[in-house]
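Report on the structure
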Amino acid sequence: MFIVPQHTYRPLPELLLGPRGLQFQFWRHPAATTSSREAVILLSGFGIHPRAFSLRAHCDWIAHWQGAGMDVFTIDLLPLAGDCTLAEQARALHDWCTSLRTAAGYTTLHAVGFSLGGLQWLAALAQQRPLNLIHGENQSFLSTLALVEAPVDLSGYPISTPARMTLRGLQIFGFSRIPYRWLNPILALLAPLLQKTASWQKWANFNNLQQIPLAEIITQTFDNVPIGVARQLLRWIDGHEPSYQPAALADLPVLLVYGANPYSARAQVLADELARAFPAGSAQPPQLTLLPCQRAAACRADYGHADLLLGDELRRDVLPAIQAWQLANRGRNRTS
C-alpha cells in the first residue's frame, strides 16, 4: 500500500491504493494554526459521502478540530471503480493509518466513526498488527476511538424483503453499485412526504435538523455503494460474519456516542458485548466511556441518528464533548 498525490480538487484529494489495486480517495485538512503531529480521522456511514462532515457551519466537524490545532483527515471508502467488500475496506483503512504513523509521522491518531464508519473502524482493528516505531516497542495504530451511533452488532438488523430483492436484482444484472445517485433527484422531490413517514422519523429527529432541508441532505451526502459492501452487510445481518473482535479493544480508549432513537439501542450493544468479553476482575478491562446525547443528559435535543451527524446543536452539544474526551484519553492506550 502506498499513497499517490492527486491534483484535481481543493482540498486536493489523494489516492489510497488498497487490496487488488482498489483506489480510495482521502483528504487532508491541515490544522488552522501550526503544523500538528496529532490528527483526527473522520469516517462516515453507509452511502454517506465525507462532504457530510462539513455540509454547513453549524455541523462542521472538520473546522471544529482544525480550530483545536489538529490535522483532520476524511476518507471515502467507496472505491473510485469496481466492487469491494467491507473486509477490503478494513484492510485499506488499517494500512493507511499505519502509514500515517510510520511514514507521515503522526504521533497521535484519533479515530471517529459515524454509523457504518464505526463498524469499519472495528473491522480494521480486528486486522491490527503491532507497529514497531521506537526502539522495537509495539504500538497500536490508533490512540482513541469514538463510535457515533455505530451498529457494532448487525445480527438481526431489520431489512425489508424488497430491499433484499433489489440488491439481488442489481447483482444478477451486473450492476456493481447500488445507484443512490440515480435515485437522489426523485428522493429529493419526495422529501416533504418522506419526512412524515415513520421510517424516516426513526432515522432523524427533524426538529434538530431544521437548518438543513432533507432534500439537501439527500442530494449532497448520499453516495453510491458497492454491491460487495451491501452483500457483506447482509451476511452480517444474517449472522454469518462477526464484524469485530472484542480483544482488539482491550487496550484502546473507546467512546460510545448515542442519541435517543431506535438506532441507539443497536449502538449500545458494544457495552454489553465488552462486559461479557471482559468480566469484572479481568486483567485488561476495556476503557469504555458512554456519551448519551439526550435532553436527560443535559443536551439541547434528543438526538436522532442523522442529526448526530448534521444536527442544529452539534457544535455546542456533541463535538466539544468528543474532543474533550479525546484530549483526556490520548495517552491512555496501553500499547501506544
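Structure report, in brief. (Residues numbered from 1 in each chain as written. Predicted model: local features only at pLDDT ≥ 70, side-chain atom pairs only at ≥ 80, totals over all residues. Heavy atoms only, no water.)

Considerations on the packing of aromatic side chains
Tallied over the full model, the rule gives eight aromatic pairs. Their ring planes at 20 degrees and their centres at 6.1 Å tell us that W61 and W65 sit as a pair that is stacked. With a gap of four residues between them, W61 and W65 both fall in helix α1 (residues 61-67), about one helical turn apart. With a relative accessible area of 0%, W61 lands in the buried category. With a relative accessible area of 0%, W65 lands in the buried category. When the ring of F73 is compared with that of Y106, the centres are 5.5 Å apart and the planes differ by 85 degrees; the resulting orientation is edge-to-face. Of this pair, F73 sits in strand β5 (residues 71-76) while Y106 sits in the loop between α2 (86-102) and β6 (108-114); the two residues are 33 residues apart in sequence, bridging distant segments of the chain. Assessed through its relative accessible area of 3%, Y106 is described here as buried. What links up through ring pairs into an aromatic cluster is the set F26, F73, W96 and Y106. The ring of Y106 carries the charged tip of R37 above its face, separated from the ring centre by 4.6 Å. (Phe/Tyr/Trp six-rings, centres within 6.5 Å; stacked < 30°, edge-to-face > 60°. Helix = DSSP H or I, 4+ residues; strand = E, 2+ residues; numbered from the N terminus. Buried < 20%, exposed > 50% of the residue type's maximum accessible area, 1.4 Å probe, protein only. Lys NZ or Arg CZ within 6 Å of the ring centre and 35° of its normal.)

Thoughts on the pattern of salt bridges
Taken as a whole and judged by the stated rule, the model has seven salt bridges. Of the charged contacts, one joins R91 and D95 as a salt bridge, the two residues approaching to 3.1 Å between their closest N and O atoms. Pair noted here: R91 and D95 are both in helix α2, with a separation of four residues, about one helical turn. (Salt bridge = Lys/Arg side-chain N within 4 Å of Asp/Glu carboxyl O.)

Such coordinate-based values are descriptive only and should not be taken to indicate function.
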